[in-house]
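Okay, here's what each chain looks like letter by letter:
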Amino acid sequence: MADRRSIGLAALCLTVLVSCGPSTDALHLGSTTSTYDSGLIDALMPAFTEAYPQYSVKVIAVGSGEALELGRRKDVDVLLVHAPAAELEFMRGGHGLGRRRVMYNDFVIVGPPDDPAGLREVAGVHDALRLIATAEADFLSRGDDSGTHKRESFLWSGAEIVPAGDWYREAGEGMAAALLVADATGAYTLTDRATYHSLRDRLRLIPLSEGDPLLLNVYSVIPVSGARHQKAARDFADWLGSASGRELIAAFGPQDQERPLFRPVTEFDPLIRTIDELEQALSRQPTGQ
């Protein structure tokens, strides 16, 4: 939107060689900044390369939209992303060898403790966004075509609001950087719970809208069709969805936390129908919005 103010920050792209095996020709994983910023990638990669010592892994942490574009260009071998509608479009285009939903957590709207828009007064996320827009309270968007940004756009659309004006700004940054900017400027923002949790000791921002089913945040692993390391990509996807991968996902985070930072997806998950319904709703929105 042309009248939005930009924070003017450069887009975040983290490339990290997280493990070295006998080959220097690494498996390239395109993942979201939320899995990197939360520390989950650091927890998973050593276990994967211990199970498959023949592989080394290079992680490219970007927004889901950019990660999917890397997949289309065959610049990565496997994806770990959280943008369901864009993922399905990616699969329809023949770019993926398979798509497996492997874990989920949720999004929350965080904001300053004094809550100037009064989000505590309402339960649903659409009503929370309407209060922010009515009050023209500062809101910081990722603005980077990430899975978080795509969900935010979906939520504004559901609230029948086109956010615009001086109160609505775009960071063009990864989740951790966006949270720090929102905290410094006293703005509301949408974040995944795991990244917020990893930074909460550095933030004044607190969760003010959470628990709505529309805030479920599901991650999928997709081996890329025609990529260079297809066997390694399939091995990674299979490992992540295996009992070993699910156990690590469920155990990630401090032992005294109130809820898991990520939950592995299983066919018997009590939320599987809700996840299916949300995916259908997300798919009805054009992916460019």
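Residues numbered from 1 in each chain as written. Predicted model: local features only at pLDDT ≥ 70, side-chain atom pairs only at ≥ 80, totals over all residues. Heavy atoms only, no water.

A. Fine view of the overall build of the protein chain. Within the protein chain, the secondary structure is distributed over eleven helices and twelve strands. Across the 289 residues that make up the protein chain, the buried fraction comes to 54%. (Helix = DSSP H or I, 4+ residues; strand = E, 2+ residues; numbered from the N terminus. Buried < 20%, exposed > 50% of the residue type's maximum accessible area, 1.4 Å probe, protein only.)

B. View of the confidence of the model for the protein chain. The predicted model of the protein chain has a mean per-residue pLDDT of 89, with 89% of residues at 70 or higher. Across residues 1–24, where pLDDT falls below 50, the model places 61 contacts with residues more than four positions away in sequence or in other chains. (pLDDT = per-residue confidence, 0-100. Contact = heavy atoms within 4.5 Å.)

C. Structural context of helix H3 (residues 64–72). Within H3, the full set of buried residues consists of Ser64, Gly65, Ala67, Leu68, Leu70 and Gly71. Taken together, the buried residues of H3 touch strand S3 (27–32), strand S4 (57–62), strand S5 (78–81), helix H4 (84–92) and helix H6 (147–158).

D. Structural context of the side chain of glutamate 152. As for its position among the elements, glutamate 152 is in helix H6. Separated by 2.8 Å, the side chains of glutamate 152 and tryptophan 156 make a polar contact. Not counting residues up to four positions away in its chain, the partners in contact with glutamate 152 are Phe139, Ser141, Arg142, Tyr168 and Leu190. (Polar contact = N/O pair within 3.5 Å; in protein donor to acceptor, adjacent residues only side chain to side chain.)

E. Highlighting the pattern of salt bridges. The final tally for this structure, using the stated rule, is 15 salt bridges. A salt bridge links glutamate 69 to arginine 72; its shortest N-O distance comes to 3.6 Å. Of this pair, glutamate 69 and arginine 72 both sit in helix H3, three residues apart, which is roughly one turn of the helix. Take arginine 72: its relative accessible area is 26%, and that puts it in the partly exposed class. (Salt bridge = Lys/Arg side-chain N within 4 Å of Asp/Glu carboxyl O.)

F. Examining the environment of glutamate 69 more closely. Residue glutamate 69 is classed as partly exposed on the basis of its relative accessible area, which comes to 33%. C-alpha separation for the pair glutamate 69 and phenylalanine 90, spaced 21 residues apart in sequence, amounts to 9.0 Å.

G. The packing of aromatic side chains, seen in detail. Counting across every chain of the model gives 13 aromatic pairs. Three or more aromatic residues link up through ring pairs in this structure, and these residues are Phe48, Tyr52, Tyr55, Phe236 and Trp239. (Phe/Tyr/Trp six-rings, centres within 6.5 Å; stacked < 30°, edge-to-face > 60°.)

H. Broad picture of the pairing of strand S6 (residues 100–111). Along S6, ten of the twelve residues are buried, which leaves the element largely enclosed by surrounding structure. Pairing analysis gives six bridges linking S6 to strand S11 (residues 216–223), with the strands arranged antiparallel. The residue bridging methionine 103 from the neighbouring strand is tyrosine 219, located in S11. Here two bridges tie S6 to strand S12 (residues 263–264), and the two strands are oriented antiparallel to one another. By the bridge assignment for S12, tyrosine 104 is matched with arginine 263. (Pairing = 2+ DSSP bridges.)

I. Structural detail: the pairing of strand S9 (residues 188–192). When you tally the buried positions in S9, you get five out of five residues, the bulk of the element. Sheet topology note: the S6/S9 ladder contains four bridges and is antiparallel. Considered in S9, the bridge of isoleucine 109 is made with leucine 190. Taken together, the two bridges between strand S7 (residues 139–141) and S9 define a ladder with parallel strand orientation. Counterpart to leucine 140 in the pairing with S9 is threonine 189.

J. The side chain of serine 225, seen in detail. In this structure, serine 225 sits in the loop between S11 and helix H9 (230–240). Once residues lying within four places of it in the same chain are set aside, the contact partners of serine 225 are Lys74, Gly94, His95, Gly96, Leu97 and Gln230.

K. Up close: the nonpolar core. Within the largest apolar cluster, 31 residues are counted, with the highest numbers of intra-cluster contacts made by Ile109, Leu119, Leu129, Ile132, Phe139, Trp156 and Tyr188. Residue assignment for this core shows that the elements contributing at least two residues are S6, helix H5 (125–135), H6, S9, S11 and helix H11 (272–283). At five residues, the largest contribution of residues to this core is made by H5. Counting residues in hydrophobic clusters, the runner-up holds 27 residues, among them Phe48, Val57, Met103 and Phe236. (Core = buried A, V, L, I, M, F, W, Y, C linked by side-chain atoms within 4.5 Å.)

L. Representation of the environment of alanine 250 within the structure. Structurally, alanine 250 can be placed in helix H10 (residues 243–251). As for alanine 250 and phenylalanine 262, which are separated by twelve residues in sequence, their C-alpha atoms are 6.1 Å apart. Discounting chain neighbours no more than four positions away, the residues touching alanine 250 are Pro260, Phe262 and Pro264.

M. Spatial organisation of helix H7 (residues 175–185). Met175, Ala176, Ala178, Leu179, Val181, Ala182 and Asp183 are the residues of H7 that are buried. Those residues of H7 hidden inside the fold are in contact with helix H1 (33–37), S6, S7, H6, S9 and helix H8 (193–199).

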